[in-house]
Amino acid sequence: MEPSTYPEPDVRLARLAGAVGLSVTWPPTEEFLDCLAERTGLHTHDLLLVADLPVPETAWLFDETAGASSSLVSCSLALPVSGRQLLRTRARGMTAPAGMLAPWEPRPYEQYPPGFGSLLLRMLALRNLNWSGTAKAMCLMSGVCKAASTIGAVGRGAKPLDAEMLDGFAAVLGVPVAVLAGLTGVRPTPGSRELTPEVVDTAALIWEIRHLTCDQENQLTEYAEVLGRE
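First, a word on what this report is: a plain description of the structure on this page. None of the values given here were measured: they were computed from a predicted structure. (Residues numbered from 1 in each chain as written. Predicted model: local features only at pLDDT ≥ 70, side-chain atom pairs only at ≥ 80, totals over all residues. Heavy atoms only, no water.)

### Observations concerning the side chain of Arg 210
Quick note on the threshold: By the criteria applied, helices consist of DSSP H or I runs no shorter than four residues and strands consist of E runs no shorter than two, each listed in order from the N terminus. To sort residues, take the accessible area from a 1.4 Å probe on protein chains only and compare it with the maximum for the residue type: under 20% means buried, over 50% means exposed, and anything in between is partly exposed. Residues counted as positive are Lys and Arg, residues counted as negative are Asp and Glu, and His and the chain ends are not counted. For this document, the term salt bridge refers to a Lys or Arg side-chain nitrogen within 4 Å of an Asp or Glu carboxyl oxygen. Here a polar contact means two N or O atoms within 3.5 Å. Within protein one must be a hydrogen donor candidate and the other an acceptor candidate, and residues neighboring in sequence count only if both atoms are side-chain atoms. The criterion used for residue contact is that any of the two residues' heavy atoms lie within 4.5 Å.
Within the secondary structure, Arg 210 is located in the loop between α11 (197–208) and α12 (214–229). An unpaired buried charge is present at Arg 210: no salt bridge exists, and Glu 208, the closest side chain of opposite charge, is 7.7 Å distant. At a separation of 2.6 Å, a polar atom in the side chain of Arg 210 contacts the main-chain carbonyl oxygen of Trp 207. Residues within four places of Arg 210 in sequence aside, it is in contact with Phe 62, Leu 126, Arg 127 and Asn 128.

### Some points on the state of the cysteines
The cut-off we apply is this: The disulfide criterion used throughout: a pair of cysteine sulfur atoms within 2.5 Å.
Counting across every chain of the model gives one disulfide. Put simply, Cys 139 and Cys 145 are joined by a disulfide, and their sulfur atoms are 1.9 Å apart. The sign of the S-S torsion, about 70°, decides the handedness of the disulfide formed by Cys 139 and Cys 145: right-handed. We classify Cys 139 as partly exposed; its relative accessible area is 30%. Classification of Cys 145 by relative accessible area gives partly exposed; the value is 46%. Of the cysteine sulfurs around Cys 75, a residue in no disulfide, the closest is that of Cys 214, at 15 Å. A residue is classified by how much of its surface remains accessible, and Cys 75, at 16% relative accessible area, is buried.

Structure, rendered in structure tokens:
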């Protein structure tokens, strides 16, 4: 079950640091955040959310009709390591045309109360994933298949963050379950396993395409399908 209290930012950051054997520095320095990102697998922008520090405005620029599609996620998961590397290289080389991205404006139902569920959903929002996109990616990447409304309920605190959901969030974020368990205090399931390379690479791809347009993501999916046939 999710702890009933949501600790202060310094405690949250200390939990993350403790999960990977680091001593927390508060207020956090850029060097500390870089080190913590490397150790946990989270990105610096994720850690800024954990610490309640400002995230650069450019991080919230998206094409809201985009977001990692089920087709792209499925293709990435099915590719061999060489194909996944080529796909990620292609993604890193793409830039959205000027004026095609707009600042993300949370809808009323995406304005959550403080809590670990809302923190994880805001991390996913940084990846241009809404409830539906998260649910689809989570099912494909972890086998944890939940309705989009259930994802939203976790963000609103209406449904507790449990061990099964923790497995799902860890897969989409591409971080070890132990890292999220250390942050949230939710005990992982006994059967929780390390993330497979294809899941880690696909999570990295989701991060890399967050600022692309829907058309660019369609192009990437077509490229992934070609790679899958080679």
